[in-house]
Every structure is written in structure tokens, then in C-alpha cells.
Amino acid sequence: MSPRVAAQQEQKQEQKLEALADAALRFREWTPTVIAWGRHLGHVLGRGGRLLACGNGGSAAEAQHLTAELVGRFETDRRPLAAIPLHADTSAATAIGNDYGPVNVFARQVQAHGRSGDVLICLSTSGRSPNVIAAAHVARRIGVTAWAITGPGPNPLTAACDDAIMVDAGTTSTVQEIHLAAVHLLCGVVDETLGVRK
């Protein structure tokens, strides 16, 4: 590799990091929302309610990361909290997709697992995933609070949910990186709400 090509690659990677840093700084405007969500979710989980989470691809990984932090632990030991990543039950997801169509993969599980007062977190970088939007519609119909974490908005998912956080970033990868930060901030507020000591 020539020195010129190596320098170009280095500059490109530095630009990606700068874009991530800029997006993180812009994301600070959502801190009050993250705190409000974390407090609400902490009260829901503290009284025995549950969190459902859904997304596709990288957003599915973010959803499962969130639920793992709650069922396991975030930074400090505490009792396990009820949190279900809807894509992770592969038998249910594939059966529902086969029998009812892919748009219903999450919606039918929300109908099965959700109870009035529970919370559904919908992750989507585009905010346009039909199966995630369908899940939000079902959640609101049965009394489950639906929150969206998306990329730039407004978009159809933010309109379908009770509340939304929209990450202002130009690439899918940067949106997903900020989504992970949002997940960690949310878990921290949940633990604080539950009185978990570090």
C-alpha cells in the first residue's frame, strides 16, 4: 500500500470518528427524555412489569443488548428484571413469519406477551421497518407504552409510538453507535431509579 493510500484511509477513519463525536454531542439534547424513560421503566420493572424490545439486523442486536443488561446486570449486581427481545425466539419468529407474514413477527408477540402498563422499545435506524411499526400499533392498542429509538426523524415509527428519540447522524453505523450509548444511559437511569448502588 502506498503512503498516499494509507494517508487517505487514515483520514477517512478519522472523519468517521469525528462524525460519531459530533453525533454524540448533538445527542445530549435527548438527555431529559432518556432520564424520563429510565425513571418510568424503572418503576414498571420494579413493580413486576416487563420490557419488550424489537428491531431488525443491527437494531435487533441493540434490542438484545438492552434486554441482556436488564435480565443480567448493567454495572452493579441487582435482581433480574423482566425484559424480552422479540426477535430472539427464533421458533416463534419464523413460525409467525411463515403463518402470518413477516410484518406480524413482532406484533403478534407483543399481543402475546404485553400487558397493560408494560413498555415496548422499538429500535430502527430508518424508522420505516413495517414489522416494528406494526408492533408499536399493537402495543398502543393493548395499553403497552411504545417508545421509538430511530435515526433522523420524524418518520413513520416516531408517529406510531407514544414518544421517540431521534439520532441526528448521516450514516446507519453512526446512528447504531449512538443507539448503544442511549441503551447504556437508559440502563443507568433504571438502576438509579431502583436504588441500585454502585
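All of the points below concern the structure found in this document. Throughout this description, residue numbers start from 1 for each chain and increase along the sequence as written. Reporting in this predicted model follows two pLDDT cut-offs: at least 70 for local features of residues, and 80 or more for side-chain atom pairs to be given and counted; totals over whole chains, interfaces and linings ignore these cut-offs and use all residues. To obtain the side-chain values, all non-hydrogen atoms of the structure were used and water was disregarded.

## A word on empty space enclosed by the protein
For clarity, the cut-off: Method remark: on a 1 Å grid restricted to protein atoms, a set of points is classed as a cavity if a 1.4 Å probe fits but cannot get out and as a pocket if it is open with protein on both sides within 12 Å along at least five of seven lines; lining residues have an atom within 4 Å of a point. Grid points are joined across faces, edges and corners, and a volume is the space filled by probe spheres set on the points. When residues are grouped by polarity, Ala, Val, Leu, Ile, Met, Phe, Trp, Tyr, Cys and Pro land in nonpolar, Asp, Glu, Lys and Arg in charged, and all others, Gly among them, in polar.
By the definition in use, this model includes one cavity of 30 Å³ or more. In this model, the largest cavity occupies a volume close to 60 Å³. If you go around the largest cavity, the residues you meet are Phe74, Glu75, Thr76, Gly188, Asp191, Glu192, Val196, Arg197 and Lys198. Here the lining of the largest cavity is composed, by residue class, of two nonpolar, two polar and five charged.

## Quick look at the sheet that holds strand E4 (residues 145-150)
Think of a sheet as strands paired side by side through backbone hydrogen bonds, with each pair either parallel or antiparallel. Using the following cut-off: We treat two strands as partners when DSSP finds at least two bridges between them. Note on conventions: DSSP H or I runs of at least 4 residues are helices, E runs of at least 2 residues are strands, and numbering of each starts at the N terminus. Axis lines are fitted through C-alpha atoms, for helices just across the contact stretch, and the angle between N-to-C directions can take any value from 0 to 180 degrees.
Across the sheet, five strands lie side by side as E2-E1-E3-E4-E5; this open sheet has parallel pairing. At either end of the open sheet lies a strand with only one pairing partner, and these are strand E2 (83-85) and strand E5 (163-166). The sheet shows a mean angle of 15 degrees between the axes of neighbouring strands, taken without regard to direction.

## Considering the pattern of salt bridges
Cut-off, in case you're wondering: Just to be clear on terms, a salt bridge is a Lys or Arg side-chain nitrogen sitting within 4 Å of an Asp or Glu carboxyl oxygen.
If you walk through the whole model with that rule in mind, you get three salt bridges. Here Asp162 makes a salt bridge to Arg140, at a shortest N to O gap of 3.1 Å. Highlighted residues: Asp162 in the loop between helix H7 (156-160) and E5 and Arg140 in helix H6 (residues 130-141), separated in sequence by 22 residues.

## Digging into the nonpolar core
We count it as follows: Working definition of a nonpolar core: buried Ala, Val, Leu, Ile, Met, Phe, Trp, Tyr and Cys residues. They are joined through side-chain atoms within 4.5 Å. Burial status follows relative accessibility: with a 1.4 Å probe on protein chains alone, a residue under 20% of its type maximum counts as buried, one over 50% as exposed, and anything between as partly exposed. Two residues qualify as a contact provided that any one of their heavy atoms is within 4.5 Å of a heavy atom in the partner residue.
The biggest cluster of nonpolar side chains holds 31 residues, and the ones touching the most others in it are Phe27, Leu41, Leu51, Leu66, Leu70 and Ile121. Breaking this core down by element, the ones donating at least two residues are helix H1 (3-27), helix H2 (31-46), strand E1 (51-54), helix H3 (58-71), strand E3 (119-124), E4 and helix H8 (172-193). Per-element accounting of this core gives the leading share, seven residues, to H8. Apart from residues lying up to four places away in sequence, Ile121 is in contact with Leu51, Leu52, Ala53, Cys54, Leu66, Trp147, Ile149 and Leu186. By size, the runner-up hydrophobic cluster in this structure holds 24 residues, among which are Leu52, Ala135, Val138 and Ala139.

## Digging into the packing of aromatic side chains
To describe a pair of aromatic rings, you give the distance between the ring centres and the angle between the ring planes. Our working definition: By convention, a stacked pair of Phe, Tyr or Trp rings (six-membered ring in the case of Trp) has centres within 6.5 Å and planes under 30 degrees apart, an edge-to-face pair has planes over 60 apart, and any other such pair is tilted. Comment: the charge-over-ring label is applied if NZ (Lys) or CZ (Arg) is within 6 Å of the ring centre and within 35 degrees of the ring normal.
Applying the stated criterion across every chain yields a total of one aromatic pair. Centroid distance Trp37 to Trp147: 4.5 Å. Interplanar angle 10 degrees. Geometry classified as stacked. Of this pair, Trp37 sits in helix H2 while Trp147 sits in strand E4, placing them 110 residues apart in sequence. Classification of Trp37 as buried rests on a relative accessible area of 3%. Look at Trp147 and you get buried, because its relative accessible area is 5%. For the cation-ring pair, Arg108 lies above Tyr100, with the distance from its terminal atom to the ring centre recorded as 4.0 Å.

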